[in-house]
Amino acid sequence: MSTSPASTSAGPGRPLSVLVVDDDFRVAGLHADVVAQTSGCAVAGTAHSAGAALALLERAESPIDLALVDLYLPDRPGLELLRALPCDTFVLSAAAEGRTVRSALAAGALAYLIKPFPPDELVRRLRGYVRYRQLTDADTVDQRTLDDALAALRESGDGGRRTTTAAHTVTRELVLRAVREAAGPLSAGEVAAMVGVSRATAQRYLADMVGRGALRMRLRYGVAGRPEQEYREP
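Because the structure is predicted, anything quoted here is derived from the model rather than measured.

Trainee: So what about the confidence of the model for the chain? Which residues, and what values?
Mentor: A low pLDDT score tells you not to read the predicted coordinates there in detail. Summarising the model, the chain shows a mean pLDDT of 85, and 87% of its residues fall at 70 or more. Overall, residues 156–161 carries pLDDT values under 50, and its contacts beyond four positions in sequence, including any with other chains, amount to five contacts.

Below, the structure is given as structure tokens:
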């Protein structure tokens, strides 16, 4: 099982440490950005293989609370890694087969997000995990507290408005980072695929940043059809 005594109490002022495990370094970086910008969480590190994740855990100066694990890893099946990790786990994967989902949950995953998913969904789940830990880190819990803790894993307990504001901030930062780190200009569709949002959502954020002067837009002309808007740094 993924949950073990290795996780420590999430006392006031101590952010929960989160390890990101994904074979794609760009995706791992985007997920780490979401973690870093979520209140109550801190990035413990990123790993691009099961072996690297386990090695990081062994080197960590303090226990890691949560691992975000992709199931497609180059050296070992993600389901095996779930069973080997001495911490809580979320699965973030494109694997959508019912049997795989059930196996991941049976291996101890507290949440399963199917890629691509919008960054605000991960924000909500992380904030819910913070609440879950606050409720279950007591010496004893009653049934009502336990029910509230399990419900928190599916929705944030801090209020929809605050969660939505945080999610908008995260999405904006991820869109901006995608353009800044790209080798060349990107279209709204390309940004959407990288960040995990719809094309319309990406277009909205990109247009806003062009209006603020954070990005520049120009037309990309193809062989035929309408020109496409593309975005780059000023």
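Trainee: Give me the nonpolar core: which residues, what numbers.
Mentor: Ranked by size, the top nonpolar core spans 45 residues in total, and within it L68, F90, L122, L126, Y129, V191 and L206 carry the most contacts. The biggest single contributor to this core is helix 5 (residues 119–136), with seven residues. Apart from residues lying up to four places away in sequence, L122 is in contact with H31, V34, L68, L92, L113 and F117. Ranked by size, the runner-up nonpolar core spans 23 residues in total, among them A50, A53, L57 and L71.

Trainee: Tell me about the pairing of strand 1 (residues 16–21), and name the residues and values.
Mentor: By the criterion of burial, strand 1 is predominantly enclosed, with six of the six residues buried. Burial along strand 1 is two-sided: L16, V18 and V20 facing one way and S17, L19 and V21 facing the other are all buried. Viewed along the sheet, the connection from strand 1 through helix 1 (residues 25–36) into strand 2 (residues 41–47) turns out right-handed. Two elements, strand 1 and strand 3 (residues 66–69), share four bridges in a ladder whose sense is parallel. If you follow V18 over to strand 3, its bridge partner there is L66.

Trainee: If you had to explain the pattern of salt bridges to someone new, which residues and values would you point to?
Mentor: On inspection of all chains with the given rule, the structure shows 14 salt bridges. Measuring nitrogen to oxygen at the nearest pair gives 2.5 Å for the salt bridge that ties K115 to D22. Of this pair, K115 sits in the loop between strand 5 (109–114) and helix 5 while D22 sits in the loop between strand 1 and helix 1; the two residues are 93 residues apart in sequence, bridging distant segments of the chain. Look at D22 and you get buried, because its relative accessible area is 2%. Between R177 and D33 there is a salt bridge, with the nearest N and O atoms lying 2.4 Å from each other. With R177 in helix 7 (residues 160–181) and D33 in helix 1, the pair connects residues that are 144 residues apart, well separated along the chain.

Trainee: Could you give an account of the sheet that holds strand 8 (residues 228–232), naming the residues involved and the relevant values?
Mentor: Sheet architecture is open: three strands sit in the order 6-8-7, paired in antiparallel fashion. Every other strand in the sheet has two partners, leaving strand 6 (186–187) and strand 7 (216–220) as the edge strands with one partner each. As paired elements, strand 7 and strand 8 share five bridges and run antiparallel to each other. Note on strand 8: the bridge partner recorded for R216 is R232. Helix 9 (residues 199–211) contacts strand 7 and strand 8 of the sheet and is inclined by roughly 55° relative to strand 8.

Thresholds, definitions, all that
- Residues numbered from 1 in each chain as written.
- Predicted model: local features only at pLDDT ≥ 70, side-chain atom pairs only at ≥ 80, totals over all residues.
- Heavy atoms only, no water.
- pLDDT = per-residue confidence, 0-100.
- Contact = heavy atoms within 4.5 Å.
- Core = buried A, V, L, I, M, F, W, Y, C linked by side-chain atoms within 4.5 Å.
- Buried < 20%, exposed > 50% of the residue type's maximum accessible area, 1.4 Å probe, protein only.
- Helix = DSSP H or I, 4+ residues; strand = E, 2+ residues; numbered from the N terminus.
- Right-handed = clockwise from strand over helix to strand, strands pointing away.
- Pairing = 2+ DSSP bridges.
- Salt bridge = Lys/Arg side-chain N within 4 Å of Asp/Glu carboxyl O.
- Axes fitted to C-alpha atoms, helices over the stretch in contact; angles between N-to-C directions.

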